Amino acid sequence: MAIDAEHLGKSFGSVRAVDDLSFTVPDGVVTGFLGPNGAGKSTAMRLMLGLDRGDGRTLFDGLPLGDHSHPSRVVGTHLDARPFLPGRTARDHLRMLATEARVPASRIDEVLALVGLTEVANDRPKSFSLGMAQRLGLAGAILAEPRCLMLDEPANGLDPQSIQWLREFLRHYASNGCAVLVSSHLLHEMQLMADHVVVIASGRLIVDGTIDELVSQRSDVIVRSTDSARLMPLLVGAGATVVDEGQTGVAVAGLATDEVGRIAFDAGIAIFELTERRASLEETFMQLTGDGQQFAFGESS
């Protein structure tokens, strides 16, 4: 079940928080929703779910969420680190959600065990750490086994082992044909978790594509040879952009390793090193959104 956000828009006074934003969350993969602080990610997710009024619409498997007979089985959400009444036990919180979603009580124990909260099921979440609260929020999101998940910064407060578990869980969930949208500022973790990314800045779409497509646009080839001075103009003549990096070698953009190696071979130039250098998601993200970072008080995500 894919999610299609179409022409989303929202203003707060004179500030356009989300501006004609359209993108697709495909099924079968985890989609990372990225942007600087204040980019409009949380507002966009609330618009998609109909929690805020604004422009545009979002279709879940071709229909608005309200047109589905059981919305909780269509999309599970976790948008707030503590989405529960502090005086109600963890089990009672999930029991309330189970009643609305019409799922059996046995499912409550299943999800509590799945997220590692069985031992504190009868405790009140007001005493939970942020990481435990995040896990309870995820338990609520997956309770009705929805075909879509929308999670806003679900890794906040988790320890490294829990983050690894979350990554593996969400990838497995998506592999069953579900659409999974996850916002996060943990870019290294997102590179491991997501296959598809949507990047926004100042409420506008910057990128909607796969991580491989995104980082490959900022990759180059490092080549060290016996005669860089002769090799460089040959590479430029083949359409490459070439930068001499001294002892590191020559950085070549616009040609693949095989093409660089073939040009050097045809010219009789010996190659000592021929390595593809790919930008990290973090480096690519900073290049794309550098002008969109906001350091003022306001929306946090």
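Criteria and cut-off values
- Residues numbered from 1 in each chain as written.
- Predicted model: local features only at pLDDT ≥ 70, side-chain atom pairs only at ≥ 80, totals over all residues.
- Heavy atoms only, no water.
- Pairing = 2+ DSSP bridges.
- Helix = DSSP H or I, 4+ residues; strand = E, 2+ residues; numbered from the N terminus.
- Phe/Tyr/Trp six-rings, centres within 6.5 Å; stacked < 30°, edge-to-face > 60°.
- Buried < 20%, exposed > 50% of the residue type's maximum accessible area, 1.4 Å probe, protein only.
- Lys NZ or Arg CZ within 6 Å of the ring centre and 35° of its normal.
- Contact = heavy atoms within 4.5 Å.
- Polar contact = N/O pair within 3.5 Å; in protein donor to acceptor, adjacent residues only side chain to side chain.

## Here's the deal with the pairing of strand E12 (residues 241–244)
Examined bridge by bridge, E12 and strand E13 (residues 250–253) share four bridges and lie antiparallel to one another. Paired with Val242 across the strands is Val252, a residue of E13. Between the end of E12 and the start of E13, which pair antiparallel, lie five residues, with Gly246 showing a positive phi angle near 70°.

## Observations concerning the packing of aromatic side chains
The tally for this structure, following the rule as stated, stands at three aromatic pairs. Geometrically, the ring pair formed by Phe23 and Phe33 is tilted, given 5.3 Å between the ring centres and 35° between the ring planes. Pair noted here: Phe23 is in strand E2 (residues 15–25) and Phe33 is in strand E3 (residues 30–34), with a separation of 10 residues, a long-range link. In terms of burial, Phe23 and Phe33 fall into one category: buried. With a centroid separation of 5.2 Å and an interplanar angle of 15°, the aromatic rings of Trp165 and Phe169 are classed as stacked. With Trp165 and Phe169 both in helix H6 (residues 160–175), this residue pair falls four residues apart, about one helical turn. Members of the aromatic cluster, joined through ring pairs, are Trp165, Phe169 and Tyr173. Stacked on the ring of Phe12, the Lys or Arg Lys10 has its end atom at 5.4 Å from the ring centre.

## A look at the side chain of Arg107
Within the secondary structure layout, Arg107 lies in helix H4 (residues 106–114). Residues within four places of Arg107 in sequence aside, it is in contact with Ile142, Leu143 and Glu145.

## Here we look at the sheet that holds E2
Remark on secondary structure: sheet strands pair via backbone hydrogen bonds, oriented parallel or antiparallel. Pairing within the open sheet is antiparallel, and its four strands lie in the order E2-E1-E4-E5. Both outer strands of the open sheet, E2 and strand E5 (63–64), are each paired with one neighbouring strand and no more. In the sheet, strand E1 (residues 3–12) pairs with E2 via seven bridges, with the strands oriented antiparallel. Note on E2: the bridge partner recorded for Asp4 is Thr24.

## Things to note about the side chain of Ser183
Tracing the backbone shows Ser183 in strand E8 (residues 179–183). Only 2.4 Å separates the side chain of Ser183 from the side chain of Asp152, close enough to count as a polar contact.

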